[in-house]
Amino acid sequence: MKILAATGNWNLFIGRIHPLIVHLPIGILMIAFVLALLARSSKRAGLRAALPLLLLAAALSAVASCVAGYLLSLDGGYDEHLLNTHLWLGIGVAVSSALLWLMSVIPAAKRLARFELPLFALLLVLVSAAGHYGGSLTHGDDYLLQAMPPALQSFAGKKAVADNEAAYTNVGDARVYEDLVAPVLSTRCYGCHNAQKLKGGLRLETIALIREGGEHGPVLKDSMPEESELFKRLVLPDNDEHRMPPKGKPQLSPREVELLYWWIAQGAPTDKTVKELKPNPRIQLVLEAMTPGKALDHNEFVPEGAPSAPDRKSMEALEAKGVKVLPIAANSPFVAVSCVNAADFSDADMKLLHPLRSQLIWLDLSGTRITDAALADIAQLTALTRLELKQTAVKGSAATPLAGCGELRYLNLSGTACTPAFLTALAKNKKLQQLYLYQANPDAHTLQKLRQQLPKLSIDTGGYRLEPLASDTIIYKRKTV
């Protein structure tokens, strides 16, 4: 095969014209079919005069396509069953086209005119089937399925996968071959190296097939990427006939090439994670770029779970106290509770929140009459992610006042007299990201210790001073004449 590709010959040249001429009989037959339908009307009977020429052109182009396709098949690298099926379907199209032409030019065949439309229908079936198998030979049997919208994929029996879905969330936990290398091979290489299309006798769907190699021997040499054909062909010049993927096909990105190089250099392992292989700083940058992103509508302050809908009577009991209870989004079971219009809300009213402990994620108790006694009730709100306690009498005398709020990410204690013990206890809230302490007079030593225990925590103590601008000090005077 390498000699044919290097020196060229008439068989291979004519064979590679097959993709060009294979569409001619399809288009011509479609036009002929439409004309045959229109000609059944007496007003358009004159259109039948064009049918003999069209059918002759279709038959000749179908025969030429069959010949070119046969010569192309001699180049090898195709699944034998698919190839034979495609070949015989193409021959069927050529034979059926010839029969239709003969029926249109031989006077004695006019008595068979009633078979014209059924024969056209058979032709359309043959053309469709031949096209399907031809596409499978060229692009793989799931080429069309991969491009389907999720709704059609589900109808066809394929599980829909989100654009950013991955088997890992942290790149260090990703399995190098299964989660990183195999997807690259799937999108860039499987089209030519699969069970239906065996270019070079090589299949790449599994690690066992990769190690088996192809017609010219192994393509993988552990720990030696420069000696592995699987890598060497990726970095050949664009005009090199042995470059893979070939010119005109989607190429691997630089980071994908770097990933394959590193994987082979590590011994091409399977069932090994990134952190087990201890990546170097160079490949670490590539791997971090492959970490799956979060959905555009992802909200850090909304838990992943989906509890039952909140109890309507419990919501009405809170609203009777002037408390605002709203869903955080349309059709969401999670709710936000605000006491902005319920300044009299007190410790005795905190029990009203208990029935919503699974749905309540945002709670604003700012300016209410609650005290430290309310902290025990707040700690039972296990889904809580945002908590506003501004301008309240809360000091935090309890040892671990909010330990039960394991999902808490945002806490505002501005204008409170919170104790150092309260702030120290927040170290148990491992997911806490934002803490606001404006006018809370926090102890500097306590804050420093808390920052060490929660490195990702952002603490805002307020009291900002802005630099004066020149425009702030310009004095305008009325000019006197």
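Located above this text is the structure these notes cover.
In this report, we go over the structure that sits alongside the text. Note that this is a predicted model, so its numbers are computed, not measured. Chains are numbered independently. Their residues run from 1 in the order of the written sequence. Where local features are concerned, this predicted model is filtered to residues with pLDDT of at least 70; where side-chain atom pairs are given and counted, the filter is 80 or more; whole-chain, interface and lining totals use all residues. Calculated side-chain values reflect all of the structure's heavy atoms, with hydrogen atoms and water omitted.

**With respect to the sheet that holds strand 6 (residues 434-436)**
Ordered by their spatial adjacency, seven strands build an open sheet running 1-2-3-4-5-6-7, and the pairing between neighbours is mixed. The sheet is open, and its two borders are formed by strand 1 (324-327) and strand 7 (458-460), each paired with just one other strand. Neighbour-to-neighbour, the strand axes of the sheet open up by a mean angle of 10°, direction not taken into account. For two strands to pair, DSSP has to find at least two bridges joining them. Helix numbers and strand numbers start at the N terminus; a helix is a DSSP run of H or I with at least 4 residues, a strand a run of E with at least 2. To obtain each axis, a line is fitted to C-alpha atoms, and for helices this fit is confined to the stretch in contact; angles are then taken between N-to-C directions over 0 to 180 degrees.

**Overview of the packing of helix 5 (residues 51-73) against helix 6 (residues 80-105)**
One way to put it is that helix 5 packs onto helix 6 with a least axis distance of 8 Å and a crossing angle of 160°. When the axes of helix 5 and helix 6 are compared, the pair comes out roughly antiparallel. The crossing of helix 5 and helix 6 is left-handed. Of helix 6, the residues touching helix 5 (which contributes Pro52, Leu55, Leu56, Ala58, Ala59, Ala62, Val63, Cys66 and Ser73) are Leu83, Gly90, Ile91, Val93, Ala94, Ser97, Ala98, Leu100, Trp101, Ser104 and Val105. Just so you know the grouping, Ala, Val, Leu, Ile, Met, Phe, Trp, Tyr, Cys and Pro go in nonpolar, Asp, Glu, Lys and Arg go in charged, and all remaining residues, Gly too, go in polar. Residues of the contact of helix 5 with helix 6, tallied by class, amount to 16 nonpolar, four polar and no charged. An angle below 35 degrees is treated as roughly parallel, one above 145 as roughly antiparallel, one from 65 to 115 as roughly perpendicular, and anything else as oblique. Helix crossings fall into two classes, left-handed where the near helix is turned counterclockwise from the far one by less than a right angle and right-handed where it is turned clockwise. Contacts are assigned to residue pairs with any non-hydrogen atoms lying within 4.5 Å of each other.

**Some thoughts on the packing of aromatic side chains**
When we look at a pair of aromatic rings, we describe it by the centre distance and by the angle of the planes. Note on ring pairs: Phe, Tyr and Trp rings are taken, using the six-membered ring of Trp, and paired if centres are within 6.5 Å. Classes follow the plane angle, with under 30 degrees stacked, over 60 edge-to-face and the rest tilted. By the definition in use, this model includes four aromatic pairs. Their ring planes at 25° and their centres at 5.5 Å tell us that Tyr177 and Trp263 sit as a pair that is stacked. A residue pair is termed long-range when its members are at least 10 positions apart, and Tyr177 in helix 10 (residues 176-188) and Trp263 in helix 13 (residues 254-265) qualify at 86 residues. You can call Trp263 buried: its relative accessible area is 0%. Relative to Tyr261, the ring of Phe231 has its centre 5.1 Å away and its plane inclined at 65°; by these criteria the two rings are edge-to-face. On the criterion of sequence distance, the pair formed by Phe231 in helix 12 (residues 229-232) and Tyr261 in helix 13 is long-range, its members being 30 residues apart. Three exposure classes are used, based on accessible area relative to the maximum for each residue type with a 1.4 Å probe and protein chains only: buried under 20%, partly exposed in between, and exposed over 50%. Phe231 gets classed as buried once you look at its relative accessible area, which sits at 10%. What makes Tyr261 partly exposed here is its relative accessible area of 28%. Only Lys NZ and Arg CZ are tested; either one counts as a charge over a ring when it is within 6 Å of the ring centre and within 35 degrees of the ring normal. When the ring centre of Tyr410 is taken as origin, the NZ or CZ atom of Arg386, which lies over that ring, is 4.1 Å away.

**What to know about the environment of Gly322**
On the secondary structure map, Gly322 appears in the loop between helix 16 (312-319) and strand 1. Taking the relative accessible area as the measure of exposure, Gly322 reaches 32% and is therefore partly exposed. Residues Gly322 and Ser338, spaced 16 residues apart in sequence, show a C-alpha to C-alpha distance of 9.3 Å. Look past the residues within four positions of Gly322 in its chain and what remains in contact with it is Asn341 and Ala342.

**Looking at a nonpolar patch on the surface**
Residues Val95, Leu99, Leu102, Val105 and Ile106 make up a contiguous nonpolar surface patch of about 370 Å² in total accessible area. Considering the arrangement of structural elements, one finds Leu99 in helix 6. Each patch is built from residues lacking any salt bridge and having more than 30% relative accessible area; the joining distance is 9 Å for like charges and 5 Å for nonpolar side chains (Val, Leu, Ile, Met, Phe, Trp, Tyr). Using the Shrake-Rupley algorithm and a 1.4 Å probe, accessible areas are obtained, with residue cover drawn only from the displayed protein chains. Put simply, a salt bridge is a Lys or Arg side-chain nitrogen that is within 4 Å of an Asp or Glu carboxyl oxygen.

**As for unusual backbone geometry**
Put simply, Met244 and Pro245 share a cis peptide bond, and its omega is -10°. In this fold, Pro245 is placed in the loop between helix 12 and helix 13. Of note, the phi angle at Ser223 is positive, near 70°, even though the residue is not glycine. The residue Asn441 is not glycine, and still its phi comes out positive at about 50°. Turning to its location among the elements, Asn441 is positioned in the loop between strand 6 and helix 19 (444-453). Residue classification places Asn441 among the exposed positions, given a relative accessible area of 72%.

**Observations concerning the environment of Thr273**
With respect to the element layout, Thr273 can be found in the loop between helix 13 and helix 14 (274-277). Placed 93 residues apart in sequence, Thr273 and Leu180 show a C-alpha to C-alpha distance of 10.0 Å. Contacts of Thr273, omitting those with residues within four sequence positions, involve Gly172, Asp173, Ala174, Arg175 and Val176.

**Points about the pattern of salt bridges**
Applying the stated criterion across every chain, the model contains 14 salt bridges. The salt bridge partner of Glu258 is Arg282, with a shortest N-O separation of 2.7 Å. Separated by 24 residues along the polypeptide, Glu258 in helix 13 and Arg282 in helix 15 (residues 281-289) bring together distant segments of the chain. Given a relative accessible area of 58%, Arg282 falls into the exposed group. Here Glu407 makes a salt bridge to Arg409, at a shortest N to O gap of 3.1 Å. Exposure remark for Glu407: the relative accessible area of 23% places this residue in the partly exposed category. Since its relative accessible area comes to 11%, Arg409 is described here as buried.

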